[in-house]
Number of protein chains: 2
Amino acid sequence: MSSTKDIDDLIELMAKLPGLGPRSARRAVLHLIRKRALLLTPLADCLQIVAETARECLNCGNVGTTDICDICTAEKRATGELCVVEDVADLWAMERSGVFKGRYHVLGGTLSALDAIGPEQLRIPRLIDRVASEGITEVILALNATIDGQTTAHYIADELDGQVRLTSLAQGVPIGGELDYLDDGTIMAAMTARKDL
Amino acid sequence: MSSTKDIDDLIELMAKLPGLGPRSARRAVLHLIRKRALLLTPLADCLQIVAETARECLNCGNVGTTDICDICTAEKRATGELCVVEDVADLWAMERSGVFKGRYHVLGGTLSALDAIGPEQLRIPRLIDRVASEGITEVILALNATIDGQTTAHYIADELDGQVRLTSLAQGVPIGGELDYLDDGTIMAAMTARKDL
Ligand SMILES: [Zn+2]
Ligand SMILES: [Zn+2]
């Protein structure tokens, strides 16, 4: 590809990243080599640190560099509210919005009969433990609005029924969303949950 | 973004790569952390090697891990043919095609009055030296079919006029190309250079 094995190896590894194909991996590698001091060396160093330290939080499943993540150890986040998400990417999205001040529980996926993923394959037993032991007053089920996501939410709601307040994110028209581009289910949900002005 | 500084730093650096924005950088970093042994550690190690060793060939401008690149040192590539390209990415594209067995000269851009890029800012003086000293019999001007690329090709052709055979890549319809999708210039070039069957 190039004329040098190390550079070819780098292109091949970069091409395995989601969102990069062989062509964009080649462009990225040339860009890195041209910006050695500004980008290549810092990226190499940072990757080395993350490769050595990144791990899943033993409590919530968030990704961090300590056994128990920063959110689980922050005292001020012990609000009694626990937000259940499918994936670390969802946790990051919630954190970017800045709207939630409590703690998280990352399931690591959804129940799926097809893929033989039951409660034991997710962090559902651990969730039930946490609700009992961490003084949780409200569990917010922030799962995706997919069939598997909603099946999982219903399963968890059944398991925790009567022990804690259970809520889920409101469904409706996204901010800036045009009705013409929304699917029927979203429009139906928004209509059903309509509010007085 | 995430809840950990090292991971945030990594996302920020990844987002600076061409073709990756913040969202795909986050996805890439989560993917890397999940595939630590298979992808994250090998990529970190490989980047470290390339950061320490990558350099431009002092002879041709190709990118490699030695002062003089593998193509310039390979005896069997001393065919007397020298292929002039704008960019290392173009050299890699030629190498992938496998069609060319000689050596390269990477200009590092094109002449541009607008950006104040003259022959001295490119590797043009070095090209003229090489033609005189390396027993070059043919210079193939494989520059892009853009205005700046063609201006640069004409300039080099004038400089080397009478010293060496000068050729350029054939222009025409790309293999699999549909006329309906080609610009007028390409169709004109293909028509002008039409061949008897
Ligand atoms: Zn945690
Ligand atoms: Zn070289």
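Residues numbered from 1 in each chain as written. Chains lettered and ligands numbered in written order. Predicted model: local features only at pLDDT ≥ 70, side-chain atom pairs only at ≥ 80, totals over all residues. Heavy atoms only, no water.

J.: How should the coordination of the zinc ion (ligand 1) be read in this particular structure?
T.: Six octahedral donors around a metal ideally sit at 90 or 180 degrees from one another, while four tetrahedral donors ideally sit at 109.5 degrees. All names here are of chain A. Looking at the zinc ion (ligand 1), one finds its protein donor set to be Cys-57 (SG), Cys-60 (SG), Cys-69 (SG) and Cys-72 (SG), positioned 2.3 to 2.4 Å from the metal centre. Note that the zinc ion (ligand 1) binds four donor atoms; their angles at the metal cover 104 to 116 degrees, and the shape is tetrahedral. Within one chain, the residues donating to the zinc ion (ligand 1) are spaced in sequence as C-x2-C-x8-C-x2-C. Within this pair, whereas Cys-57 is found in the loop between β1 (55-56) and β2 (63-64), its partner Cys-72 is found in helix α4 (residues 70-73), the two being separated by 15 residues in sequence. Considered together, Cys-57 and Cys-72 belong to a single accessibility category, that of buried residues. (Donors = N, O, S within 2.8 Å, 3.2 Å for Na, K, Ca; no water. Tetrahedral: all angles 85-135°; square planar, octahedral: opposite > 155°, others 65-115°. Helix = DSSP H or I, 4+ residues; strand = E, 2+ residues; numbered from the N terminus. Buried < 20%, exposed > 50% of the residue type's maximum accessible area, 1.4 Å probe, protein only.)

J.: Can you help me understand the relation of the copies chain B and chain A in this one?
T.: The pair of chain copies shares a relation made of a rotation about an axis and a shift along it. With an RMSD of 0.1 Å, the operation that places chain B on chain A is a rotation of 180 degrees combined with a shift of 0.0 Å along the axis. On this basis, the relationship between the two copies can be described by a two-fold rotation axis. Ranked by how close their C-alpha atoms come to the rotation axis, the residues of chain B are headed by Ala-44 of chain B, at 2.8 Å. Most of the interface of chain B is mirrored in chain A, where 100% of its interface residues again form contacts. (Least-squares fit on C-alpha atoms with pLDDT ≥ 70 in both. Contact = heavy atoms within 4.5 Å.)

J.: Would you mind showing me how to read unusual backbone geometry here?
T.: Of all residues except glycine, most have a negative phi; of all peptide bonds, most are trans. All names here are of chain A. Here the phi dihedral of Ala-116 falls at roughly 55 degrees; this positive angle occurs in a residue that is not glycine. By secondary structure assignment, the location of Ala-116 is in the loop between β4 (103-106) and α6 (124-133). Assessed through its relative accessible area of 60%, Ala-116 is described here as exposed.

J.: Just checking my understanding: could you explain the UniProt feature "zinc finger region: C4-type" (unreviewed entry) in chain A for this structure?
T.: Here the UniProt-annotated "zinc finger region: C4-type" (unreviewed entry) positions come out as residues 57-72 of chain A. In this annotation, residues 57-72 of chain A is assigned 19% helix and 12% strand; the end-to-end C-alpha distance for the span is 8 Å. (UniProt positions renumbered as here; feature names shortened; annotations may be inferred.)

J.: How should the pattern of salt bridges be read in this particular structure?
T.: Side-chain pairs of opposite charge can arise whenever the charged atoms involved come near each other. Here the structure, examined in full by the defined rule, presents 14 salt bridges over all chains. Residue Asp-9 of chain A pairs with Lys-5 of chain A through a salt bridge whose shortest N-O separation is 2.6 Å. Placement of both Asp-9 of chain A and Lys-5 of chain A in helix α1 (residues 5-14) is noted, with a separation of four residues, approximately one turn of the helix. Of the residues examined, Asp-9 of chain A reaches a relative accessible area of 26% and is grouped as partly exposed. Ionic pairing is found between Asp-87 of chain B and Arg-34 of chain A, a salt bridge with its closest N-O pair at 3.2 Å. (Salt bridge = Lys/Arg side-chain N within 4 Å of Asp/Glu carboxyl O.)

J.: Hey, could you run me through the domain arrangement of chain A in this one?
T.: One frequent convention defines the size of an interface as the accessible area lost when the parts assemble. Taken domain by domain, chain A consists of domain 1 (5-53) and domain 2 (63-196). Using only C-alpha atoms to locate each centre, domain 1 of chain A and domain 2 of chain A end up separated by 34 Å. (Domains from an automatic or database assignment.)

J.: Is there a simple way to explain the pairing of strand β6 (residues 165-168) of chain A in this structure?
T.: For a regular strand, side-chain orientation follows a simple rule: the groups alternate between the two sheet faces. Residue and element names in this part refer to chain A. Across four bridges, the pairing between strand β5 (residues 138-141) and β6 is parallel. Bridged to Ile-140 within β6 is Thr-167. Handedness of the crossover joining β5 and β6 through helix α7 (residues 147-160) is recorded here as right-handed. (Pairing = 2+ DSSP bridges. Right-handed = clockwise from strand over helix to strand, strands pointing away.)

J.: Help me out: how do you make sense of the coordination of the zinc ion (ligand 2) in this one?
T.: Residues and elements named next belong to chain B. All of the protein donors around the zinc ion (ligand 2) are Cys-57 (SG), Cys-60 (SG), Cys-69 (SG) and Cys-72 (SG); their distances to the metal are 2.3 to 2.4 Å. Around the zinc ion (ligand 2) sit four donor atoms; with metal-centred angles ranging over 104 to 115 degrees, the donor geometry is tetrahedral. Between the donor residues of the zinc ion (ligand 2), the gaps in sequence give the motif C-x2-C-x8-C-x2-C. In this pair, Cys-57 sits in the loop between β1 (55-56) and β2 (63-64) while Cys-69 sits in the loop between β2 and α4 (70-73), placing the two residues 12 residues apart along the sequence. Of the two residues examined, Cys-57 and Cys-69, each falls in the buried class.

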